Amino acid sequence: MHYELIIVGAGAAGLMAAAQASSGGVSVALLEHNERAGKKLNITGKGRCNLTNNCDVPTLMANIPTNGRFLYSAFSRFNSQDTMAFFEALGVPLKTERGNRVFPVSDNAADITNALYKLCIKNGVKHIHTNVTGLLIENGEIIGVNTTSGELHASSVILATGGLSYPVTGSDGSGHKMAQEAGHTIVPPKASLVPLTASGKDCRDMMGLSLKNSAIKLTNKKTGKCVYKDFGELLFTHFGLSGPVVLSASSHLRDMESGLYSFIIDLKPALTEEQLEARLLREFAENTNKDLRNLLRSLLPAKMIGTFIKRTGIQGEKKAHQISKEERRAIIALLKGFVIEIEGFRPISEAIITSGGVSVKEINPSTMESKLVKGLYFAGEIIDADAHTGGFNLQIAFSTAAAAARGKVQEVRGKNT
């Protein structure tokens, strides 16, 4: 059977492209090697799906460190407000939380996936469970794809296969291989929005401890400059650090090398050093015969106390009345600046997003069509563009998918008029 459009990959970008193209009257085949569509979409945002960020286009651009300018046209035609209106029109009520992050009111990512999928089926999209093994190209034009089930023909193909993050969900790099075989340059993929490994044993000793309300900053030790600041939740692990603020921070570390970055945690962001000193003086005066280990229980989680005391160099059994002014200052300095030295990134398979992919120099920014092969389009994470956390990466997926679908709809309508 001949389709007007074949979409490879039924993730966020593939589903949106199928929904948009089929709504415009294009006959679409949606190919996916997982049995169900939206496998990765269903686990985003811890299963809640942070689908976009409720902001304007300049803010979107400001949160995309890799090739943001390339996305200007796509964002201008399908932005955050368009994404929100699209899903609410499909019957999915949305809410905006801290940092302008947008979630379904249900906190259920499956509501987003199901809304897209139901629209696709309603519009006649043919969902085919198969593995795509290559592109069919003749005289510089797409004519279809090769699959393990045989050839499928179409005048256009959108590659929406994702990157290399979360390979268990189907992001296996196959799209990169097909694009490269078609003549495209692949910017080497690397992890983005990924946990960080740390030197020493302190993180391992505090493994499992989650800090909910910490202010963090990352500094470059060579330049002395702060490269990122944030406030929120982080997690100590056997390898180092994870959690929302850590994943966000990782996307700002573009030239990673062991020992280059310090991750500094303010354990008491609501208190100044002067306020902390007043509190310690009061507690020491009220508990003169209490040892330091017990005194710290009112300031720190139990799992952190041993590591904290070791860093101060003060004996944990030392009584409050024995602690000197210099030792008290050391405690305050550590509460306001608990430093973890960063070694590197965890493997790309643990990353939320892949940085790298098909070079944007070879893609038309208005339509997402290949400049090298007529009828070949790209959408989503396969493109060399990635963003910070907060819904920006899914917005890239939706905007590029809408652009690719729009290009095909215009082509089909042009032929029919």
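Described below are features of the structure shown in this document. (Residues numbered from 1 in each chain as written. Predicted model: local features only at pLDDT ≥ 70, side-chain atom pairs only at ≥ 80, totals over all residues. Heavy atoms only, no water.)

Along strand E3 (residues 28–32), five of the five residues are buried, which leaves the element largely enclosed by surrounding structure. Going residue by residue along E3, you find Val 28, Leu 30 and Glu 32 tucked away on one face and Ala 29 and Leu 31 tucked away on the opposite face as well. Here strand E2 (residues 5–8) runs beside E3; their pairing, made up of four bridges, is parallel. Counted as the bridge partner of Val 8 is Leu 31 from E3. For the crossover from E2 across helix H1 (residues 12–23) to E3, the handedness is right-handed. Bridge count between E3 and strand E7 (residues 126–129): four bridges; the pairing is parallel. Of the residues in E7, the one forming a bridge with Ala 29 is Lys 126. (Buried < 20%, exposed > 50% of the residue type's maximum accessible area, 1.4 Å probe, protein only. Helix = DSSP H or I, 4+ residues; strand = E, 2+ residues; numbered from the N terminus. Pairing = 2+ DSSP bridges. Right-handed = clockwise from strand over helix to strand, strands pointing away.)

Inspection of the secondary structure assignment puts Thr 237 in the loop between strand E15 (226–236) and strand E16 (240–242). When its relative accessible area of 9% is taken as the criterion, Thr 237 is described as buried. For Thr 237, the side chain forms a polar contact with the main-chain nitrogen of Phe 239, separated by 3.2 Å. Leave out the neighbours within four places in its chain, and Thr 237 touches Cys 203, Arg 204, Met 207 and Ser 242. (Polar contact = N/O pair within 3.5 Å; in protein donor to acceptor, adjacent residues only side chain to side chain. Contact = heavy atoms within 4.5 Å.)

Further remarks concern helix H6 (residues 174–181). All of the buried residues along H6 are Gly 175, His 176, Met 178 and Ala 179. Buried residues in H6, looked at end-on, bunch into an arc of 165 degrees, giving them a common side. In H6, the exposed positions angled more than 90 degrees off the buried face are occupied by Gln 180 and Glu 181. Elements in contact with the buried residues of H6: E2, strand E8 (132–138), strand E11 (157–159), strand E12 (186–192), strand E19 (353–358) and strand E20 (376–378). (Arc of directions from axis to C-beta.)

Let's shift gears to the state of the cysteines. Overall, the coordinates contain zero disulfides when judged by the stated rule. There is no disulfide at Cys 49, and the cysteine sulfur nearest it, in Cys 120, is 15 Å away. Judged by relative accessible area, Cys 49 falls into the buried class, the value being 0%. Here Cys 226 is not disulfide-linked; the sulfur of Cys 203 is the nearest cysteine sulfur, at 19 Å. (Disulfide = S-S within 2.5 Å.)

Take the sheet that holds strand E4 (residues 52–53) next. Within the open sheet, the three strands sit side by side as E4-E6-E5. Their pairing is antiparallel. Lying at the two open borders of the sheet, with one neighbouring strand each, are E4 and strand E5 (94–97). Here four bridges tie E5 to strand E6 (residues 101–104), and the two strands are oriented antiparallel to one another. Along E6, the bridge assignment pairs Leu 94 with Pro 104.

For the rest of this paragraph, the subject is the nonpolar core. Counting 85 residues, the largest nonpolar core has Ile 6, Phe 87 and Leu 159 as its most contacted members. Of all the elements, helix H13 (residues 392–416) adds the most residues to this core, at twelve residues. Leu 159 has contacts with Val 8, Leu 135, Gly 175, Met 178, Ala 179, Leu 376, Tyr 377, Phe 378, Ala 379 and Ile 382, leaving out every residue within four places of it along the chain. Judged by nonpolar contacts, the second largest core, of 43 residues, contains Ala 198, Leu 295, Ile 331 and Phe 338. (Core = buried A, V, L, I, M, F, W, Y, C linked by side-chain atoms within 4.5 Å.)

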